[in-house]
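Examination of the molecular architecture
One-letter residues, chain by chain:
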Amino acid sequence: MALLSILRYPDPRLHTVARPVQAVDARIRDLVADMLDTMYDAQGIGLAATQINVHERVVVIDVSEDRNQPLVLINPAIEWASTERVKGEEGCLSVPGIYDGVERAVAVRVNALDGEGRSRTIEAEGMLAVCIQHEMDHLMGKVFVEYLSPLKRNRIKSKLLKQLREERA
């Protein structure tokens, strides 16, 4: 499969709201395979299609220690989220090298299609619940740094723009 290019914050395309997938066909299955290859290559635990400039509701996740339990969520919808919340360090493949605290629901129940188009319900807690919420934010055009203060967000934006200029020089 192919390794895809990951958009980097503050690229405005990261703020595009993803549209629902109409059919889980060969194109979507190929997209999922390429997204998994890209996520594993980048040492990530989750990747939303928005991050590779495909604005459809597709997410891949693998929080397993051995990196061999991929989870595919197509058209995911959170059915329930716990009122209990936890603040934890988050990072993002689109915001390389930046980690900061974000508050999320401790547990969620999500309805989605799997990579074959079958409907499923996932009950998740801990790291998986956080990852699902993080990736679903991408589908809504939101990057985790938007939960941070404007000062922190501006510092991150400046740092990443400087890195990009240096890479292109």
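We now turn to the structure provided with this report. A quick note: this is a predicted structure, and the numbers were derived from the prediction, not measured. (Residues numbered from 1 in each chain as written. Predicted model: local features only at pLDDT ≥ 70, side-chain atom pairs only at ≥ 80, totals over all residues. Heavy atoms only, no water.)

1. A closer look at the packing of aromatic side chains
Counted according to the given criterion, the structure contains 0 aromatic pairs. The ring centre of Tyr147 lies 4.0 Å from the NZ or CZ of Lys142, which sits over that ring. (Phe/Tyr/Trp six-rings, centres within 6.5 Å; stacked < 30°, edge-to-face > 60°. Lys NZ or Arg CZ within 6 Å of the ring centre and 35° of its normal.)

2. Things to note about the environment of Arg120
Relative to the helices and strands, Arg120 is located in strand E7 (residues 119–125). Accessibility expressed as a relative area gives 34% for Arg120, which makes it partly exposed. The sequence separation of Arg120 and Val130 amounts to 10 residues, and the corresponding C-alpha distance is 19 Å. (Helix = DSSP H or I, 4+ residues; strand = E, 2+ residues; numbered from the N terminus. Buried < 20%, exposed > 50% of the residue type's maximum accessible area, 1.4 Å probe, protein only.)

3. Considerations on the sheet that holds strand E2 (residues 58–61)
The strand order across the open sheet built from 5 strands is E1-E2-E3-E6-E7, with neighbouring strands paired in antiparallel fashion. Edge strands, defined here as strands with exactly one partner in the open sheet, are strand E1 (46–48) and E7. Adjacent strand axes in the sheet meet at a mean angle of 40° when their direction is disregarded. Here 7 bridges tie strand E6 (residues 107–113) to E7, and the two strands are oriented antiparallel to one another. By the bridge assignment, Asn111 is partnered in E7 with Thr121. Its contacts with the sheet place helix H1 (residues 26–41) against E1, E2 and strand E3 (71–81), and it is angled at close to 40° to E2. Helix H2 (residues 126–139) rests against E1, E2, E3, E6 and E7 of the sheet, and its axis sits at about 120° to E7. (Pairing = 2+ DSSP bridges. Axes fitted to C-alpha atoms, helices over the stretch in contact; angles between N-to-C directions. Contact = heavy atoms within 4.5 Å.)

4. Comments concerning a nonpolar patch on the surface
Residues Ile45, Val63 and Met127 make up a contiguous nonpolar surface patch of about 240 Å² in total accessible area. With respect to the helices, strands and loops of the structure, Val63 is situated in the loop between E2 and E3. (Patch = residues over 30% accessible without salt bridge, like charges linked within 9 Å, V, L, I, M, F, W, Y side chains within 5 Å. Areas by Shrake-Rupley, 256 points an atom, 1.4 Å probe, with all protein chains shown as cover. Salt bridge = Lys/Arg side-chain N within 4 Å of Asp/Glu carboxyl O.)

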